[in-house]
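This is what each chain is made of:
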Amino acid sequence: FVGGLDRAHYFKGVDILLRACKDVNAQWQLLVVGDGDQRPAFEELSVELGINDRVHFAGSVPFADLPLAYQAADVHVLPSTDRSEAFGIVTLEAMASAVPSIVSDLPGVRTLVTPNETGARVPPGNVPALTAALDCFCSDMSYTHLCGERAREKACVVYDDRVLANQLRAVYN
């Protein structure tokens, strides 16, 4: 997970992610990149859930080091809970790093992920659905890597800056 851990980012769903991780059967570790005034509450929740030994709060990471965080991941998760999450640039960053994503099925976010191809979509706030998706990706690394490769391809074909610039020029011409 990469995102803000402050009150302004209440919609990121970190608590949902922690609750989902508790019931994942496959081997897992969670890296939470970001910081904010809610971090202590999330750290406390991980202790209450008995998963604090597998959850690593990295705090803020310099922008230049974000690719390392994505490359360390097998899967990226954006468990946002409402439409305040308009697009999810972190998902695009994960895609560019060949990492599949599990995202909430919200209008802007869902446009990035093709289910069973570049990742998975789950209903917002649905802990069992997120747990199942995490189990799927954490238990089948060949599937996870294939989805990551497809995510990278999609990022390069659809979201490359040259492609977007040409599309923008076409709108204005």
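Check the entry above for the structure.
So, how was this worked out
- Residues numbered from 1 in each chain as written.
- Predicted model: local features only at pLDDT ≥ 70, side-chain atom pairs only at ≥ 80, totals over all residues.
- Heavy atoms only, no water.
- Salt bridge = Lys/Arg side-chain N within 4 Å of Asp/Glu carboxyl O.
- Helix = DSSP H or I, 4+ residues; strand = E, 2+ residues; numbered from the N terminus.
- Buried < 20%, exposed > 50% of the residue type's maximum accessible area, 1.4 Å probe, protein only.
- Arc of directions from axis to C-beta.
- Contact = heavy atoms within 4.5 Å.

Participant: Please explain the pattern of salt bridges as it appears in this structure.
Facilitator: Should the charged atoms of two oppositely charged side chains come close, the side chains can pair. As enumerated under the stated definition, the model contains seven salt bridges in all. For K12, the salt bridge identified is with E85, shortest N-O distance 2.7 Å. Taken together, the residues span a long stretch of sequence, with K12 in the segment before α1 (14-22) and E85 in the loop between β3 (76-78) and α4 (89-96) at a distance of 73 residues. In this structure K12 comes out as buried when scored by relative accessible area, which is 10%. Between D35 and R39 there is a salt bridge whose closest N-O contact spans 3.6 Å.

Participant: Help me understand helix α2 (residues 39-48), please; the structure alone is not making it clear to me.
Facilitator: A turn of α-helix holds 3.6 residues, and therefore any two residues three or four places apart point the same way. Residues of α2 that are buried include every one of R39, F42, L45 and S46, and no others. When α2 is viewed along its axis, its buried side chains cluster within an angular range of 120° and face the same direction. Where α2 is buried, its residues meet α1 and β2 (55-59). Of the residues trailing α2, G50 is marked for its positive phi of about 75°.

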